[in-house]
Amino acid sequence: MKIRLLGTGAIYSKCNCASELIDDKILVDVGNGVLKELKKGQYDFVKLEMIIITHLHADHYADLPALLLNLEVEKKLKPIYMVGPKDLKNKLIELCHIYYQDFLDEFIKERFKFIEILPETKSVDVLNNYPILVQKVDHCQIESYGYIINHKLGITGDTCLCEEVCHIFENSEVVIADISMIEGTVYHMGINDIETIRKKYKNKVIATHLRDDTREELRKRHIEDILVEEDGAEIVIS
Ligand SMILES: [Zn+2]
Ligand SMILES: [Zn+2]
């Protein structure tokens, strides 16, 4: 499995907002900077099969209108699955209206298959060889999801330390984890939370959604098996 980190930062940081491209076909979160980062890597947009959104905070989906406008010019596109919280389709259309009036309405209707997560949704199984388990997490009283892709790659999304995060660690091998803060809060995990989890679960962790001071602190601490990468880094997991 190939993971390209399109963004590793928080909204207040020098880096792009947290986003990952998995095996060139699954894009997780589309905050600001993501389209530019895909362009820098000369990404072939025809390969895109699914976009997964963790939650509807701007730093996780505000670059979608720009991405969609770019996709609109790629004539060979396959239909793309768009997975995320309830109301994703309406919110996306509203956002596109703010950016570009109704220009993208038809494109959204024709090219995207929306899968909005319901309380009973446990998994999304539409892409061959990529079963996606859904795990509701605890973040700012907004509907927010973590995911486990192919029983291997966990993605916490924005979350505080909660039971569901432990579930993601337990059921995956490598975890892309929100470590926004030095000390965790009720909204975001911190370095202390990841140290707590890793007393029990030994997964390799890819740190993301990092504030600049958190990135610096994580680098100083050199914690074994916690990767602190820059935007654009590529990681292959077997
Ligand atoms: Zn958030
Ligand atoms: Zn965020």
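Refer to the structure presented above.
Being a predicted model, the structure only gives us computed values, none of them experimental.

Trainee: What exactly am I supposed to notice about the sheet that holds strand β5 (residues 80–84) here?
Mentor: Sheets are built from strands that pair by backbone hydrogen bonding, the pairs being arranged parallel or antiparallel. Reading across the sheet, the seven strands line up as β6-β5-β4-β3-β2-β1-β14 and stay open at both edges, with mixed pairing between neighbours. The open sheet has two free edges, formed respectively by β6 (112–116) and β14 (234–236), since each of these has just one partner strand. Here the average twist between neighbouring strands, direction ignored, is 20°. Taken together, the three bridges between strand β3 (residues 26–28) and strand β4 (residues 50–52) define a ladder with parallel strand orientation. Residue pairing across strands places L27 opposite I51, the latter belonging to β4.

Trainee: Can you walk me through the sheet that holds strand β9 (residues 145–149) in this structure?
Mentor: In spatial order, the strands read β7-β8-β9-β10-β11-β12-β13; together these seven strands make up an open sheet with mixed pairing. Taken across any chain shown, the strands that pair with only one partner, and hence form the sheet edges, are β7 (123–124) and β13 (226–227). Bridge analysis of strand β12 (residues 204–208) against β13 gives two bridges, and the strand direction is parallel. Opposite V205, over in β13, you have I226 as the bridge partner.

Trainee: In this structure, what is going on with the packing of helix α3 (residues 64–72) against helix α4 (residues 88–100)? I would like to understand it.
Mentor: For any two helices packed against each other, one specifies the inter-axial angle together with the distance between the axes. Across the interface, α3 lies against α4 with an axial gap of 9 Å and an inter-helix angle of 80°. Taken as axis vectors, α3 and α4 run roughly perpendicular relative to one another. Facing α3, whose interface residues are L64, P65, L68 and L69, α4 presents L92, L95, C96, Y99 and Y100.

Trainee: It is not clear to me how unusual backbone geometry should be interpreted in this structure. Could you clarify?
Mentor: The phi torsion of most residues other than glycine is negative, and most of the peptide bonds are trans. Not every positive phi belongs to a glycine, and Q101 is a case in point at roughly 50°. Phi at N150 is positive, roughly 55°, even though this residue is not glycine. Within the secondary structure layout, N150 lies in the loop between β9 and β10 (153–155).

Quick notes on the rules
- Throughout this document, residue positions are counted from 1 along each chain, in the order its sequence is written.
- Starting at A for chains and at 1 for ligands, labels are handed out in the order in which the entities are written.
- Side-chain atom pairs in this predicted model are given and counted only at pLDDT of 80 or more, local residue features only at pLDDT of at least 70, and totals for whole chains, interfaces and linings cover all residues.
- Two strands are counted as paired when DSSP detects at least two bridges linking them.
- Numbering of helices and strands runs from the N terminus; a helix is a DSSP stretch of H or I covering at least four residues, while a strand is a stretch of E covering at least two.
- Orientation is described by axes fitted as lines to C-alpha atoms, over the contacting stretch for helices, and by angles from 0 to 180 degrees between their N-to-C directions.
- For classification purposes, an angle smaller than 35 degrees is called roughly parallel, one larger than 145 roughly antiparallel, one from 65 to 115 roughly perpendicular, and anything else oblique.
- The contact criterion used is a C-beta to C-beta distance within 7 Å, with each C-beta placed from the backbone.

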